[in-house]
Amino acid sequence: MKKFDVKELMPGMILAEDVFVSENKIPLFEKGDILSSKDIARLTFYSVNEVSVETQPVQSTPTPPPDLPNLHKETRSKRIQASKEFREFKQDFENCTEKYAHTLNDILAKNKEFELDELMAPIYQLMSKNKNTNSVFDMLHNLRQYDDATYAHCINVALISNILAQWLRYDKDEIELATQAGLFHDIGKLMIPDSIIKKKTKLTAEEYDEIKKHPQIGYDCIKDFPLSNHVKNAVLMHHERCDGTGYPSKLTGPQMDKFAKLIAIADVYDAMTSARYYRGPLCPFIAIATFEEDGFQKYDSEMILAFLQNIVNTYISDTVRLNTGEVGEIIFINRNNLSKPTIKIGNQYIDLSKTHNVYIEEIL
Ligand SMILES: [Fe+2]
Ligand SMILES: [Fe+2]
């Protein structure tokens, strides 16, 4: 038996102990369960940091049957990564990360004054080149392999929050607040020693407690900054959950700031779809399924619906591979079951919402 950070888990690993979430008596997973990529996303969703797995060799991930049509060898991911737009986005994103590494640290460490518009400008530049919100999502999904640092995560969350605010039809000022809240939300992590944040080996219980202080630390850092109270609240409350299971104050939905609820969704979506050693970007349908199964008590249901519906709509008529290995085309979205659309395979139509244990594993 060995403890593994959730980030290092691979599909096929076998759990050596039950996994519980907060005070819940029923385990999320049981000893002996074989982890799939869907399960690993679910652990991230529940903020589980590490689990015990059996030390016996990891089973290889299921590979698609060899008789797949050659036509689909090029995945959507590979096509995007090969595009000029993606290379440009990646370059701009890296410049953006580097810039924030300096400016945010200067603001925190040297108490340097900042001009908010100037600070936000690189984010809006990244957005403006990609007018279409969906293409920003595609780019982000594919950028995953490159950077896992706090700055990169904050930029991701700023972009996702900006898009979500647009989808929720917020006005211009509110869209700006959502973007700022995304950029600042984890600023408290920059004050926690690198020896903890970047530690490769198992964290102690005390070290986890230290990391969990980042919303309060971040809030204390920025409370006198010339920022909207909504942004400050988002920093303080982004790990609270509508059902009262979050931290630091176990607030419930009505007690949470609207912008904290929005950031909470963008934050966990980014964590679920971010880079893992064993794979490229996580299939968005797996993240969507996790939100649908477990998300409606934890997050603002109206925000979640808008978020998931908009993401799913991007993929109508895309070719997908199911966990059974079959390849088909998404032809109809089921409004009550967004992660399980109807798929056309050859001359057959399969309604995934009516089939048990069959789900979309990859967008081709
Ligand atoms: Fe956080
Ligand atoms: Fe975060």
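One can find the structure itself at the top, above this paragraph.
Computed from a predicted structure; not experimentally measured.

## A short note on the coordination of the iron ion (ligand 1)
Note on the iron ion (ligand 1): its protein donors are Asp186 (OD), His214 (NE2), His238 (NE2) and His239 (NE2). The metal-donor distances range over 2.1 to 2.2 Å. Here the iron ion (ligand 1) is ringed by four donor atoms whose angles at the metal span 84 to 174 degrees, and the overall shape comes out irregular. In the primary structure, the donors to the iron ion (ligand 1) are separated according to the pattern D-x27-H-x23-H-H. Metal-to-metal, the separation of the iron ion (ligand 1) and the iron ion (ligand 2) is 3.5 Å; Asp186 coordinates the two. Highlighted residues: Asp186 in the loop between α7 (172-184) and α8 (194-197) and His214 in helix α10 (residues 214-222), separated in sequence by 28 residues. A single burial state applies to Asp186 and to His214, both of which are buried.

## With respect to the coordination of the iron ion (ligand 2)
Distances from the iron ion (ligand 2) to its protein donors, His153 (NE2), His185 (NE2), Asp186 (OD) and Asp267 (OD), fall at 2.2 to 2.3 Å. For the iron ion (ligand 2), the donor residues sit on a single chain with the sequence spacing H-x31-H-D-x80-D.

## Regarding unusual backbone geometry
With omega at 5 degrees, the peptide bond leading from Tyr247 into Pro248 counts as cis. Following the sequence through the fold, Pro248 ends up in the loop between α11 (229-237) and α12 (258-273). Here the phi dihedral of Arg169 falls at roughly 60 degrees; this positive angle occurs in a residue that is not glycine. Residue position: Arg169 is located in the loop between α6 (150-167) and α7. Here Ser317, not a glycine, exhibits a phi torsion of approximately 70 degrees, which is positive. Looking at the element boundaries, Ser317 is found in the loop between α14 (301-313) and β3 (319-322).

What counts and what doesn't
Residues numbered from 1 in each chain as written. Chains lettered and ligands numbered in written order. Predicted model: local features only at pLDDT ≥ 70, side-chain atom pairs only at ≥ 80, totals over all residues. Heavy atoms only, no water. Donors = N, O, S within 2.8 Å, 3.2 Å for Na, K, Ca; no water. Tetrahedral: all angles 85-135°; square planar, octahedral: opposite > 155°, others 65-115°. Helix = DSSP H or I, 4+ residues; strand = E, 2+ residues; numbered from the N terminus. Buried < 20%, exposed > 50% of the residue type's maximum accessible area, 1.4 Å probe, protein only.

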